[in-house]
Amino acid sequence: MDLMEKFRQKQLTVSFEVFPPKNDAAYAPVEAAVDALAAFSPDFISVTYGAGGGTSVNTPKIAAHIENDLHIPAMAHLTCASSDKQTVRNVLTDLKARGVRNLLALRGDLPEGYVPDDAHYRYAAELVAAAKAMGGFTVGAACYPEGHVESESPEKDLEYLKQKVDCGADFLVTQMFFDNSVLYSFLYRALKKGIDVPVCAGIMPVMNSRQIARSCKLSGTTLPARLKTVVDRFADDPQSLMQAGIAYATEQIVELVANGVGGIHIYTMNRPEVAGAIMRNLSSIL
């Protein structure tokens, strides 16, 4: 199903993100997690491409399972920095053949020793344009409420985002953020820039202190003081930290929905029990 139909039909969409296994031996547990997530009837499920495209071989397979077997719209991630243009075209052809028509177009992490050349797309905007030119895809792009970690300024980052939208990006999915005021400021500035496509707010439930510290460092995301206090307090108590992380994510979502944010995208880390706890907390609201 075309995700733009979902955005037009529903005032609020709720979606999940999963990541594929690194090898076939680990495929069954990931598929089981996806099946468990499907029981919560999300509006769509996205499947990541893996750092450097490392798990990309399983992305179309899982996305097709979601789309064709579970009958839930799937959104496949595709990065272009680690793959040449022909490889990207082959992946797009494969996705289309499998009936997966929703795509999140990303530059991805630059490989070590990366040197730009004509055989590769340099920017996500170019990948967006290529997917739209191929036809048959609804294409989303990433956005960064606190600015991309490599961007020289928030204003410059918005200029690059506008390029993605001008190249055909139909909707946006945000990087994780933990301070809702950061998102509200970003949405206001984006609208002033003429960016008026649907935006799904990316919510990451904190479940592991080291993992979240590493993720924030890589992405440039800030932990608010009150969340940092929670993480520090329960760093060595995984069950308590997970419970606190679910509570914090729940509170974030309640406020976002109350303020009219129309899309909630939960980074599940392949943990259906975490997504399920949030969905149960918000059963009436969502």
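Fair warning: this is a prediction, and the values are worked out from it, not measured in the lab.

Cut-offs used in this document
Residues numbered from 1 in each chain as written. Predicted model: local features only at pLDDT ≥ 70, side-chain atom pairs only at ≥ 80, totals over all residues. Heavy atoms only, no water. Salt bridge = Lys/Arg side-chain N within 4 Å of Asp/Glu carboxyl O. Helix = DSSP H or I, 4+ residues; strand = E, 2+ residues; numbered from the N terminus. Buried < 20%, exposed > 50% of the residue type's maximum accessible area, 1.4 Å probe, protein only. Axes fitted to C-alpha atoms, helices over the stretch in contact; angles between N-to-C directions. Parallel < 35°, antiparallel > 145°, perpendicular 65-115°, else oblique. Left-handed = near helix turned anticlockwise from the far one by under 90°. Contact = heavy atoms within 4.5 Å. Pairing = 2+ DSSP bridges. Expected span 1.5 Å × (residues − 1). Arc of directions from axis to C-beta. 1 Å grid on protein atoms, 1.4 Å probe; cavity = no way out; pocket = protein on both sides within 12 Å on 5 of 7 lines; lining within 4 Å. Points joined across faces, edges and corners; volume = space filled by probe spheres on them. Nonpolar A, V, L, I, M, F, W, Y, C, P; charged D, E, K, R; others polar. Right-handed = clockwise from strand over helix to strand, strands pointing away.

Chemist: Talk me through the pattern of salt bridges; I want residue IDs and the actual numbers.
Modeler: Where side chains of opposite charge bring their charged atoms close, a pairing between them can arise. What the rule picks out here adds up to 11 salt bridges. Here Glu-159 and Lys-156 are joined by a salt bridge, their closest N and O atoms 3.4 Å apart. Placement of the pair is Glu-159 and Lys-156 together in helix α6 (residues 154-166), with a separation of three residues, close to one helical turn. Among the residues examined, Glu-159 registers a relative accessible area of 30% and is labelled partly exposed. It is possible to trace a salt-bridge network through shared partners that takes in Lys-6, Lys-10 and Asp-43.

Chemist: Explain the packing of helix α9 (residues 225-233) against helix α10 (residues 238-258) to me, using residue names and the numbers behind them.
Modeler: Following both chains from N to C, one finds α9 and α10 inclined at 160 degrees, their axes separated by 10 Å at the closest point. Compared by their axis directions, α9 and α10 come out roughly antiparallel. The two elements α9 and α10 meet at a crossing, and its hand is right-handed. Two secondary-structure elements touch here, α9 through Arg-226, Leu-227, Val-230 and Val-231 and α10 through Leu-241, Ala-244, Tyr-248 and Glu-251.

Chemist: Describe the sheet that holds strand β1 (residues 13-18), and please don't skip the residues or the numbers.
Modeler: What links the strands of a sheet is backbone hydrogen bonding, and the strands pair in either a parallel or an antiparallel sense. Sheet architecture is closed into a barrel: eight strands sit in the order β1-β2-β3-β4-β5-β6-β7-β8, paired in parallel fashion. Across the sheet, the axes of successive neighbouring strands diverge by a mean angle of 25 degrees, strand direction being ignored. Two elements, β1 and strand β2 (residues 44-47), share four bridges in a ladder whose sense is parallel. Pairing of Val-18 across the sheet is with Val-47, part of β2. Strand contacts of helix α4 (residues 85-97): β3 (74-79) and β4 (102-106), with the helix running at about 170 degrees to β3, the strand carrying the most contacts.

Chemist: Just give me the short version of α6, but keep the residues and values in it.
Modeler: In this model α6 runs 18 Å from its N-terminal to its C-terminal C-alpha over 13 residues, within 8% of the 18 Å that 1.5 Å per residue would give. All buried positions along α6 are accounted for by Asp-157, Leu-158, Leu-161, Lys-164 and Val-165. One side of α6 carries all its buried residues, which in axial view fall inside an arc of 110 degrees. Of the surrounding secondary structure, the elements contacted by the buried residues of α6 are α5 (124-134), β5 (138-143), β6 (171-174) and α7 (180-192). Trailing α6 by a residue or two, Gly-168 shows a phi angle of about 125 degrees, which is positive.

Chemist: Summarise empty space enclosed by the protein; cite the residues concerned and give the values.
Modeler: Under the definition given, this model contains three cavities of 30 Å³ or more. Within this model, the largest cavity holds a volume of roughly 40 Å³. Broken down by class, the residue content of the lining of the largest cavity amounts to four nonpolar, four polar and one charged.

Chemist: Before we move on, could you go through the layout of surface pockets and cite the residues and values that matter?
Modeler: Here the second largest pocket is characterised by a volume of approximately 210 Å³. Val-199, Gly-260, Val-261, Gly-262 and Gly-263 are, among the 15 residues lining the second largest pocket, the residues nearest its centre. Only α7 and β7 (199-203) provide two or more residues apiece to the lining of the second largest pocket. With three residues, the top contributor of residues to the lining of the second largest pocket is α7. Residues of the lining of the second largest pocket, tallied by class, amount to eight nonpolar, six polar and one charged.

Chemist: Tell me what's going on with the pairing of β4, and back it up with residues and numbers.
Modeler: Burial within β4 is extensive, with five of its five residues counted as buried. The two faces of β4 match: Asn-102, Leu-104 and Leu-106 on one face and Leu-103 and Ala-105 on the other face are all buried. Bridge count between β3 and β4: five bridges; the pairing is parallel. Pairing of His-77 across the sheet is with Leu-104, part of β4. In terms of handedness, the path from β3 via α4 over to β4 forms a crossover that is right-handed. Where β4 and β5 come together, four bridges link them in parallel fashion. When the sheet's bridge partners are listed, Leu-103 is paired in β5 with Val-139. For the segment spanning β4, α5 and β5, crossover handedness is right-handed.

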